[in-house]
Amino acid sequence: MTLATVLIVAAALIAIGLYGALSQQSFVMLMMGLELMLNGGLLAVIGLWANTMAGAPEGQLLAVIIMAVMAVDMAIGFALVTAVWRKRQADVTESLDTMKH
């Protein structure tokens with residue numbers, strides 16, 4: 001695969017994730033959109049690393065750091081969704097007027 005093809009696929013993943021994050025009302029679908037955007041960014045980083053740095057370990061380290069940030073982001077996000085569900089029984093964003101209790 002050429003670098004242009006990888007970057008086009010990465011841009012498509014980011015665009016689909018952005019649309020999903022902005023158009024959905026469910027917390028789970030919102031988190032899935034964010035995950036797609038992060039995966040698109042990761043694909044772009046790996047594609048750039050493979051085609052420009054000729055296998056230098058810095059690119060692999062950056063990809064591992066991005067995956068760790070993705071895991072932490074999703075864990076915190078789903079913990080917040082669980083807390084909102086337990087407190088308010090709300091599973092969509094429109095049912096929350098404010099974040100105060």
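What counts, and where the lines are drawn
- Residues numbered from 1 in each chain as written.
- Predicted model: local features only at pLDDT ≥ 70, side-chain atom pairs only at ≥ 80, totals over all residues.
- Heavy atoms only, no water.
- Helix = DSSP H or I, 4+ residues; strand = E, 2+ residues; numbered from the N terminus.
- Rg over C-alpha atoms; globule rule 2.2 N^0.38 Å.
- Contact = heavy atoms within 4.5 Å.
- Areas by Shrake-Rupley, 256 points an atom, 1.4 Å probe, with all protein chains shown as cover.
- Lys, Arg positive; Asp, Glu negative; His and termini not counted.
- Charge placed at Lys NZ, Arg CZ, Asp CG, Glu CD.
- pLDDT = per-residue confidence, 0-100.
- Expected span 1.5 Å × (residues − 1).
- Buried < 20%, exposed > 50% of the residue type's maximum accessible area, 1.4 Å probe, protein only.
- Patch = residues over 30% accessible without salt bridge, like charges linked within 9 Å, V, L, I, M, F, W, Y side chains within 5 Å.
- Salt bridge = Lys/Arg side-chain N within 4 Å of Asp/Glu carboxyl O.

## Some words on the overall build of the protein
A tally of regular secondary structure across the protein gives 3 helices and 0 strands. Shown N-terminal to C-terminal, the secondary structure of the protein runs as helices and strands in the order α-α-α. For the protein, whose C-alpha radius of gyration is 17 Å, the value lies well above the compact-globule estimate of 13 Å for 101 residues. Reported as C-alpha extents along the three principal axes, the dimensions of the protein are approximately 55 × 25 × 15 Å. In the protein, once contacts between residues fewer than 6 apart in sequence are set aside, the share between residues at least 24 apart is 58%. A total of about 6800 Å² of accessible surface is found on the protein, and carbon and sulfur atoms cover 72% of it. If the 4 positive side-chain charges of the protein are averaged to one point and the 6 negative ones to another, these points end up 18 Å apart.

## Focus: the confidence of the model for the protein
Across the protein, the average pLDDT comes to 84, with 90% of residues at 70 or higher. Here helix α3 (residues 57–88) stands out as the element of the protein with the lowest mean pLDDT, 84, in contrast to helix α1 (residues 3–23), whose mean of 94 is the highest.

## Some details on helix α2 (residues 27–52)
Spacing of three or four residues puts side chains on the same side of an α-helix, whose turn is 3.6 residues. Look at α2: 38 Å from first C-alpha to last across 26 residues, which is about the 38 Å you get at 1.5 Å a residue. Buried residues of α2: Phe 27, Met 31, Gly 33, Gly 40, Leu 42, Ala 44, Gly 47 and Trp 49, and no others. The elements touched by buried residues of α2 are α1 and α3. Just downstream of α2, Ala 54 is the residue with a positive phi angle, here 55 degrees.

## Side note on the environment of Ala 10
Within the secondary structure, Ala 10 sits in helix α1. Beyond its immediate stretch of four places on either side in the chain, Ala 10 contacts Gly 40, Leu 43 and Ala 44.

## Focus on a nonpolar patch on the surface
On the surface, a cluster of nonpolar side chains totalling about 340 Å² of accessible area is made up of Val 28, Met 29, Met 32 and Phe 78. A per-element tally of the nonpolar patch places α2 first, with 3 residues. Note on placement: Met 29 falls in helix α2.

## Focus: the environment of Gly 41
Along the chain, Gly 41 turns up in helix α2. Judged by its relative accessible area of 25%, Gly 41 falls in the partly exposed class. Between the alpha carbons of Gly 41 and Ala 10 there is a distance of 6.5 Å; along the sequence they are 31 residues apart.

## Concerning α3
Taking 1.5 Å of rise per residue, 32 residues should cover 46 Å, and α3 covers 47 Å from first to last C-alpha, within 8% of that figure. Of all the residues in α3, the buried ones are Gly 59, Ala 63, Met 70, Met 74, Gly 77, Val 81 and Val 84. Buried residues in α3 make contact with α2. Positive backbone phi, approximately 55 degrees, marks Gln 89, located one or two places after α3.

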